[in-house]
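Residue-level structural notes
If you want the building blocks of each chain, they are given just below.
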Amino acid sequence: MTNTIRYDRGADGIVTLTLDDPDQSANIMNQAYATSMSAALDRLEAERDEVTGVVVTSAKSTFFAGGDLPRMIRATRADAPELAEVLDTIKRDLRRLETLGRPVVAAINGSALGGGLEIALACHHRIALDAPDSRLGLPEVTLGLLPGAGGVTRTVRMLGLAAALTTVLLTGRRMRPADALAVGIVDEVVATPTELLDRARAWIAANPHPSQPWDRPDYRMPGGTPASRSLAAQLPAFPATLRKQLKGARLPAPEAILATAVEGAQVDLETAFTVETRHLIGLLTGQIAKNMIGAFFFDLKAVNGGAARPTDVHAPPVRRVAVLGAGMMGAGIAYACASAGLDVVVRDVTPEAAGRAREHAERLLARRVRKGRATEADARAVLGRITTTDRVDALAGCDAVIEAVFEDPTLKKAVFAEVLPVLAPGALLASNTSTLPITGLAEGVDRPADFIGMHFFSPVDRMPLLEIVVGARTSDTALARAFDLGRRIGKTPIVVNDGRGFFTSRVIGRFLDEAVGMVAEGVPAASVEQAALQAGYPTGPLALADEVSLTLIQRIRRQFEDASEEFLPLPAHRLVDELVDAYDRPGRAEGRGFYSYDDGARGRLWPGLADLVTDAGRAVPFTDLQERMLFAEALDALRCLDEGVLRTETDANIGSIFGIGFPAWTGGVIRYVRQYAGGPAGFAARAAELADRYGDRFTPPADLVDRLAASAAHPGELAGVA
Amino acid sequence: MPSEAYVFDAVRTPRGRGRDTGSLHGVKPISLVVGLIDALRERNPGLDVGRLEDLLLGIVTPVGEQGGNLARAAALLAGLPDQVGGVQLNRFCASGLEAVNTAAARIRSGWEHLLLAGGVESMSRVPMGSDGGAWISDPQTTLATSFVPQGISADLIATLEGFTRDDVDGYALRSQERAAKAWAGGHFARSVVPVRDDNGLDILTVDEHPRPDTTRETLARLTPSFAALGEAAGFDAVALQKFHWLEAIDHVHHAGNSSGIVDGAALVLIGSEQVGQDLGLTPRARIVSAAVSGADPTLMLTGPIPATHKALAAAGLTVADIDLFEFNEAFAAVVLKYVRDLGLDPDRVNVNGGAIALGHPLGATGAMLIGTAVDELERRDLRRAVVTLCIGGGMGVATVLERC
């Protein structure tokens with residue numbers, strides 16, 4: 001097996017263990033690592049008398065990336081004994097390292113995430129290089145896992161139960177070195193690689209006989225153990241706080257992390273390791289970790305890696321972007337472009353209106369400076385790249401234009417017509433429309449091949465997704481340029497084909513219709529919100545509808561209605577109309593919608609909704625409430641695949657999670673179908689049941705099962721479905 | 001040979017305020033029990049302790065000086081013969097009644113003939129909850145059971161039932177008024193045994209928790225006890241995730257309409273007809289039936305409703321056959337819900353007040369209520385009573401008594 005750890009003993013007796021997996025771009029906790037670490041420890045123990053200390057570092061640009069995800073995603077119940085053995089080996093060797101009787105220093109030269117940080121935690125001293133992209137943390141929870149190489153056990157003993165849970169384990173936060181120092185998971189931060197090794201050697205020289213705090217006779221767990229009265233009194237609130245923070249979504253990983261931490265804090269170190277292993281294997285062999293690894297590692301990598309980008313096209317990079325409209329979206333897009341080093345010209349009807357884009361950027365930059373995320377000079381440079389204007393000729397030379405004006409096809413065509421003459425030849429023409437078909441808008445320009453949809457999400461600075469919409473006549477070059485521009489400004493671009501509402505707006509519409517429809521049919525509004533939140537949606541549908549604004553929802557629906565003969569009126573539509581037209585409750589911006597708002601803060605649900613509640617509505621099973629929303633979206637996503645609006649399942653999964661809040665635990669809207677109990681067949685059976693109870697819209701496509709079985713899914717994921 | 005189970009006598013200590021300024025704070029829990037054993041022997045000269053078989057004590061926080069099976073230690077310290085056993089049991093707030101019911105069942109089995117059952121809780125000395133337990137401190141269990149503290153459950157019940165702050169305060173006021181009248185009228189005189197020190201000096205002779213000067217206005221001034229806990233610690237969210245049709249919990253309970261934290265003990269002498277005849281003990285009441293029932297653990301405090309139905313069914317009786325109800329006033333809303341669900345006449349429920357005025361010494365209360373009910377049946381010359389308590393974890397225990 002490949003050796004992934006180099007062993008070099010210097011004249012001073014200091015052994016440098018260099019993590020350097022020759023088969024991987026980054027070090028991971030694979031079988032080769034386990035074997036190599038065992039060998040390294042064997043040698044360290046054998047040569048102990050000649051060894052004065054150990055430095056653990058990496059030859060890669062990162063220190064160590066984490067777990068062996070391709071292997072983990074395939075884990076089944078049958079693998080439990082093998083998993084236990086590997087984890088035991090990894091933990092045993094890290095334990096041997098920290099009890100070697102020689103000072104061990106982690107020289108963390110780059111990102112140390114998951115298993116990487118766990119290796120460092122088994123060292124006596126951690127020094128992190130302040131590299132710009134370096135991140136430290138235990139992000140396992142974000143993949144449905146827990147840190148099982150001693151990470152839970154050691155952070156709890158190092159920081160105390162409450163601090164370890166809230167600052168490291170449950171958030172999964174990827175920290176900059178300075179933040180990691182503040183939290184206490186590293187001991188020093190240095191500026192240069194030379195300093196890193198010098199400090200490591202100096203610490204070894206100054207601490208010839210170190211031990212871990214938990215191995216000292218006077219060790220006390222910070223904040224006490226569950227047996228101590230003060231912590232025991234707080235303990236009942238830990239699970240409640242978690243459930244409050246997760247809004248009732250019963251995610252196995254955070255619950256297992258909490259259990260591991262608390263149970264482990266009551267026993268000795270070795271037993272705590274065992275408890276940790278048991279809980280991790282439970283997560284590894286379960287479905288949700290597979291869903292999350294599938295989406296957040298594999299799918300995300302594929303999307304960001306350009307799986308949807310045409311290859312072999314000449315796609316000159318965009319340098320100067322024109323943004324039309326300085327509303328919230330336009331301003332957000334302008335800021336994103338300027339932050340990524342692009343020159344931006346924002347045009348609106350008056351200088352004042354255009355100036356809002358600059359003010360928006362100033363606000364966001366001031367916050368970044370305040371938080372130490374940017375310097376004053378950085379902020380000035382970004383602002384310097386933003387020009388705001390009411391004049392068309394100021395857009396001269398822009399090689400891309402992103403239109404973000406009011407959602408009116410006539411207006412949009414008009415602003416394109418106005419600016420086209422001054423743009424650079426062949427400039428990319430993009431519309432940020434959220435629903436209007438691109439092919440139709442492209443009719444307004446004489447270069448439809450250069451016309452494309454670039455649908456950003458609000459707030460642009462925080463929402464990572466970009467939905468690129470390919471019109472009937474959009475060229476591959478335009479797509480490649482839009483994709484590259486999206487990546488340049490740090491977005492995750494999915495690529496979909498044209499259609500009213502494209503993928504995201506269309507599918508989220510099914511979610512809102514279903515939820516509002518449940519209220520209309522007599523289900524208590526609070527139950528609808530709870531059902532969504534407990535299903536894992538980040539925001540309740542009624543709160544979301546208020547945020548989008550009921551007026552906008554009404555307008556978009558009327559556009560759909562006008563555009564399609566097959567439009568089916570729903571009870572939800574009637575309720576939205578009543579709220580807007582009869583009760584003057586247009587949404588959050590006006591301070592009244594499904595909810596009441598006090599000074600912008602969401603208050604209680606409008607009491608008028610209580611009059612809609614019926615006994616039949618109260619009797620709808622809670623699981624049905626949840627699955628009606630999930631299925632409404634999943635079934636429409638399947639139709640999008642069918643109709644060719646969606647090009648790939650990967651884009652559907654990533655788009656649904658990052659764009660429209662489909663529950664993360666599912667790993668995305670199509671993976672939800674695949675992972676449903678019983679697989680696609682189980683999903684189809686349940687859909688048929690929902691259709692029977694709640695209407696034909698739940699009738700699954702006839703060939704659903706065959707189609708999903710035939711189409712490609714990540715090979716690792718199917719193992720867990722059965 | 002199987003026999004009916006009879007109550008020959010029932011005694012209790014006065015309830016002392018459950019804090020370090022309370023009169024019983026200086027008295028060890030074991031001393032409270034021993035004092036009652038002494039009193040029973042004194043009151044019943046015919047009681048041949050050689051016939052006693054076991055001492056059953058309900059204790060809810062059986063740690064420290066209440067731990068290690070206090071019942072056995074108390075039996076020995078009281079000088080009962082070696083063959084008298086001792087067992088501590090815990091059904092949370094109904095532990096005292098659980099001890100009585102267990103004793104009654106053992107008498108009815110015919111295997112045993114004379115038992116002492118009751119309970120003790122020195123809440124000022126052994127804080128409630130200090131025994132931990134998986135339900136409140138093991139995350140896996142807490143998450144799976146949607147654990148919330150009882151006060152949140154009580155407020156949840158009030159919200160679900162639509163009981164307003166005014167409703168629950170009104171009930172609390174009535175508890176105070178009835179308790180004051182009962183003390184003034186000597187209604188507790190037969191059961192209450194003063195707590196004295198080793199020198200024979202009185203430590204406490206009356207319940208010290210009641211506030212007879214309570215008014216609607218003084219109650220209205222009290223701040224809700226569980227609002228901050230519900231919000232800050234996330235317990236409201238847990239409750240609402242389960243009772244999802246509610247948007248918020250109306251926190252109506254406070255120190256003035258919840259049971260008081262107190263110290264106290266109670267004992268009931270229970271035996272067969274035969275032992276009564278042999279020792280010349282006069283049966284005061286018969287334990288007709290008893291039942292336990294679980295209920296929703298998050299709602300927690302509604303268990304007495306199914307438990308009462310179950311106990312009545314076992315006795316072949318209905319609510320209409322019951323003259324008096326003693327329902328432990330854990331929280332005002334819990335009593336109001338019981339009264340509403342069973343369709344009871346409020347004038348037959350807790351006629352001498354309850355734990356809101358008098359206090360709730362956790363492990364002892366159930367046994368105290370047996371004495372209160374038997375005394376009142378005799379005083380009013382009535383026939384039957386139901387004694388019931390709501391219980392942590394979502395349970396209820398109920399006992400049907402019939403005067404002899």
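About the cut-offs
Each chain carries its own residue numbering, running from 1 in the direction its sequence is written. Each chain takes a letter, starting from A, and each ligand takes a number, starting from 1, following the order in which they are written. In keeping with the predicted nature of the model, local features appear solely for residues at pLDDT of at least 70, side-chain atom pairs appear and are counted solely at 80 or more, and the whole-chain, interface and lining totals rest on all residues. Numbering of helices and strands runs from the N terminus, with a helix taken as a DSSP run of H or I at least four residues long and a strand as a DSSP run of E at least two residues long. Here the globule rule reads 2.2 Å times residues to the power 0.38, and the radius of gyration is calculated from C-alpha atoms. Field definition: a residue is buried when 20 or more other C-beta atoms are found within 10 Å of its C-beta, exposed when 12 or fewer are, and partly exposed for counts in between, with C-beta atoms placed from the backbone. Our contact criterion uses C-beta atoms placed from the backbone: two residues qualify when those atoms are within 7 Å. Any two strands between which DSSP finds at least two bridges are classified as paired. Axes here refer to lines fitted to C-alpha atoms; in helices the fit is confined to the stretch in contact. Angles between the N-to-C directions go from 0 to 180 degrees. Throughout, the term roughly parallel applies to angles under 35 degrees, roughly antiparallel to angles over 145, roughly perpendicular to angles from 65 to 115, and oblique to all others. Here is the rule for handedness: rotate from the far helix to the near one, and if that takes an anticlockwise turn smaller than a right angle the crossing is left-handed, while a clockwise turn gives right-handed. Three residue categories are used. Nonpolar comprises Ala, Val, Leu, Ile, Met, Phe, Trp, Tyr, Cys and Pro, charged comprises Asp, Glu, Lys and Arg, and polar comprises the others, including Gly. Expected helix span is given by 1.5 Å per residue-to-residue step, counting one fewer step than there are residues. The quantity known as pLDDT measures the predictor's confidence residue by residue, on a range of 0 to 100. In these notes, a nonpolar core means any group of buried Ala, Val, Leu, Ile, Met, Phe, Trp, Tyr and Cys residues linked to one another through C-beta atoms within 7 Å. By definition, the crossover connecting two strands over a helix is right-handed if that path, from the first strand to the second, turns clockwise as seen with the strands pointing away from the viewer.

Section: the overall build of chain B
- When its secondary structure is counted, chain B shows 15 helices and 12 strands.
- Taken over the C-alpha trace, chain B has a radius of gyration of 20 Å; the compact-globule value for 404 residues is 22 Å, and the two agree within 12%.
- Counting across all 404 residues of chain B, residues that qualify as buried make up 60%.

Some details on the overall build of chain A
- When helices and strands are tallied, chain A shows 31 helices and 20 strands.
- The C-alpha radius of gyration of chain A comes to 28 Å, within 12% of the 27 Å expected for a compact globule of 722 residues.
- Dimensions of chain A along its principal axes, counting C-alpha atoms only, are 85 × 65 × 50 Å.
- Each of the 722 residues in chain A was classed as buried or not, and the buried ones make up 52%.
- Sequence-distant contacts, at least 24 apart, represent 73% of the contacts inside chain A between residues at least 6 apart.

Describing the sheet that holds strand β12 (residues 343-347) of chain A
Residues and elements named next belong to chain A.
- The strand order β13-β12-β11-β14-β15-β16-β17-β18 describes an open sheet built from eight strands, whose pairing is mixed. A single partner strand is all that each edge strand has here, and the edge strands are β13 (386-389) and β18 (492-497). Pairwise comparison of adjacent strand axes, ignoring direction, gives a mean angle of 25 degrees for this sheet.
- Relative to β18, strand β17 (residues 465-470) is paired through six bridges, and the arrangement is parallel. Of the residues in β18, the one forming a bridge with Val470 is Asn497.
- In the packing of helix α15 (residues 351-370) onto the sheet, the strands contacted are β12 and β13, and the crossing angle to β13 comes to about 160 degrees.

Notes on the packing of helix α21 (residues 525-535) of chain A against helix α26 (residues 622-643) of chain A
All names here are of chain A.
- Contact geometry of α21 with α26 gives a least axis separation of 9 Å together with a crossing angle of 70 degrees. In terms of orientation, α21 and α26 fall into the roughly perpendicular class. Where α21 crosses over α26, the two elements pack in a sense that is right-handed. Side by side, α21 and α26 meet where Ser527, Val528, Ala531, Ala532, Gln534 and Ala535 of the first sit next to Phe622, Leu625, Gln626, Met629 and Leu630 of the second.
- A class-by-class count of the residues in the contact of α21 with α26 yields eight nonpolar, three polar and no charged.

Concerning the pairing of strand β2 (residues 14-19) of chain A
Residues and elements named next belong to chain A.
- Where strand β1 (residues 5-9) and β2 come together, five bridges link them in antiparallel fashion. Following the sheet pairing, Arg6 is matched in β2 by Thr18.
- Linking β1 to β2, which pair antiparallel, is a turn of four residues; within it Gly13 sits at a positive phi near 85 degrees.

With respect to helix α20 (residues 504-520) of chain A
All names here are of chain A.
- With 17 residues, α20 ought to run about 24 Å at 1.5 Å a step, and its terminal C-alpha atoms sit 24 Å apart, in line with that.
- The buried fraction of α20 amounts to 16 of the 17 residues, a majority that puts the element mostly inside the structure.
- Positive phi shows up at Gly522, right after α20, with a value of about 110 degrees.

Some thoughts on the environment of A:Glu418
Residues and elements named next belong to chain A.
- You can see Glu418 is positioned in helix α17 (residues 409-419).
- Residue class for Glu418 comes out partly exposed when judged on the 13 C-beta atoms lying within 10 Å of it.
- Note: C-alpha distance between Glu418 and Arg216 (202 residues apart in sequence) is 75 Å.

Quick notes on the interface of chain B and chain A
- Opposite the 19 residues of chain B that make contact, chain A presents 26 residues.
- Counting only elements with at least two residues in the side of chain B that touches chain A, the list comes to α4 (134-137), α5 (139-144) and α10 (235-242) of chain B.

Description of the sheet that holds strand β8 (residues 125-129) of chain A
Residue and element names in this part refer to chain A.
- Strand order across the open sheet formed by six strands is β1-β2-β4-β6-β8-β10, with mixed pairing between neighbours. Unpaired on one side and paired on the other, β1 and β10 (188-190) mark the two borders of the sheet. Taken over all neighbouring pairs, the strand axes of this sheet differ in orientation by 20 degrees on average, direction set aside.
- Judged from the three bridges that link them, strand β4 (residues 53-58) and strand β6 (residues 104-108) form a sheet pairing that is parallel. Looking at the pairing, Val56 lines up with Ala106 of β6.

Some thoughts on the confidence of the model for chain B
- Per-chain confidence: chain B averages 97 in pLDDT, with 100% of residues scoring 70 or above.
- If you check the scores for this complex, the pTM reads 0.95 and the ipTM reads 0.94.

A word on the packing of helix α5 (residues 151-159) of chain A against helix α6 (residues 161-169) of chain A
All names here are of chain A.
- Interhelical geometry of α5 versus α6 gives an angle of 120 degrees and a closest axis separation of 7 Å. If you check the angle between α5 and α6, you find them oblique. Judged by the twist between their axes, the crossing of α5 over α6 is right-handed. Touching Val152, Thr155, Val156 and Leu159 of α5 are Leu161, Ala163, Ala164, Thr167, Val168 and Leu169, all from α6.
- Residues belonging to the contact of α5 with α6 are distributed by class as follows: eight nonpolar, two polar and no charged.

A few points about the environment of A:Gly67
Residue and element names in this part refer to chain A.
- Looking at the element boundaries, Gly67 is found in strand β5 (residues 66-67).
- On a C-alpha basis, the gap between Gly67 and Gly148 in space is 9.6 Å, while along the polypeptide they are 81 residues apart.
- Those residues in contact with Gly67, other than ones at most four positions away along the chain, are Ile28, Met29, Met72, Gly114 and Gly115.

With respect to the nonpolar core
All names here are of chain A.
- Counting 226 residues, the largest nonpolar core has Ile108, Ala261, Ala334, Val401, Ile452 and Ile468 as its most contacted members.
- In terms of residue count, the dominant contributor to this core is α26 (11 residues).
- With residues up to four places along the chain from it excluded, the contact list for Ala334 reads Val323, Val344, Val346, Ala357, Ala361 and Ile386.

Focus: the confidence of the model for chain A
- With 98% of its residues at a pLDDT of 70 or more, chain A shows a mean pLDDT of 95.
- Every residue in residues 714-722 of chain A scores below 50 in pLDDT, and together they form 17 contacts with partners more than four places removed in sequence or on other chains.

Observations regarding helix α1 (residues 29-43) of chain B
- If you check α1(B), its first and last C-alpha atoms are 21 Å apart, about what 15 residues at 1.5 Å a residue would give, namely 21 Å.
- Listed in full, the buried residues belonging to α1(B) are B:Pro29, B:Ile30, B:Ser31, B:Leu32, B:Val33, B:Val34, B:Gly35, B:Leu36, B:Ile37 and B:Leu40.

Let's talk about the pairing of strand β14 (residues 400-403) of chain A
Residue and element names in this part refer to chain A.
- Both faces of β14 are covered, namely the face carrying Ala400 and Ile402 and the face carrying Val401 and Glu403.
- For β14 and strand β15 (residues 428-431), the ladder comprises four bridges, and the chain directions are parallel. Bridged to Glu403 within β15 is Ser431.
- Between the parallel pair β14 and β15, the chain is carried across by α17, and the sense of this crossover is right-handed.

Examining unusual backbone geometry
- Looking along the chain, the bond that leaves A:Ser458 and enters A:Pro459 is cis, with omega of -5 degrees.
- Positive phi, normally seen in glycine, also occurs at A:Asp312, with a value near 60 degrees.
- Within the secondary structure layout, A:Asp312 lies in the loop between α13 (287-304) and β11 (320-324).
- Take A:Asp312: there are 7 C-beta atoms within 10 Å of it, and that puts it in the exposed class.
- A positive phi angle, near 45 degrees, is found at B:Phe92, a position not held by glycine.
- Along the chain, B:Phe92 falls in the loop between β4 (85-89) and α3 (95-109).
- Note on B:Phe92: 21 C-beta atoms within 10 Å, which makes it buried.

Thoughts on the environment of A:Met629
Residue and element names in this part refer to chain A.
- With respect to the element layout, Met629 can be found in helix α26.
- C-alpha of Met629 to C-alpha of Phe662: the two residues are 33 residues apart in sequence and 9.8 Å apart in space.
- With residues near it in sequence (within four places) discarded, Met629 still touches Phe511, Glu514, Ala515, Ala531, Ala532, Ala535 and Pro541.

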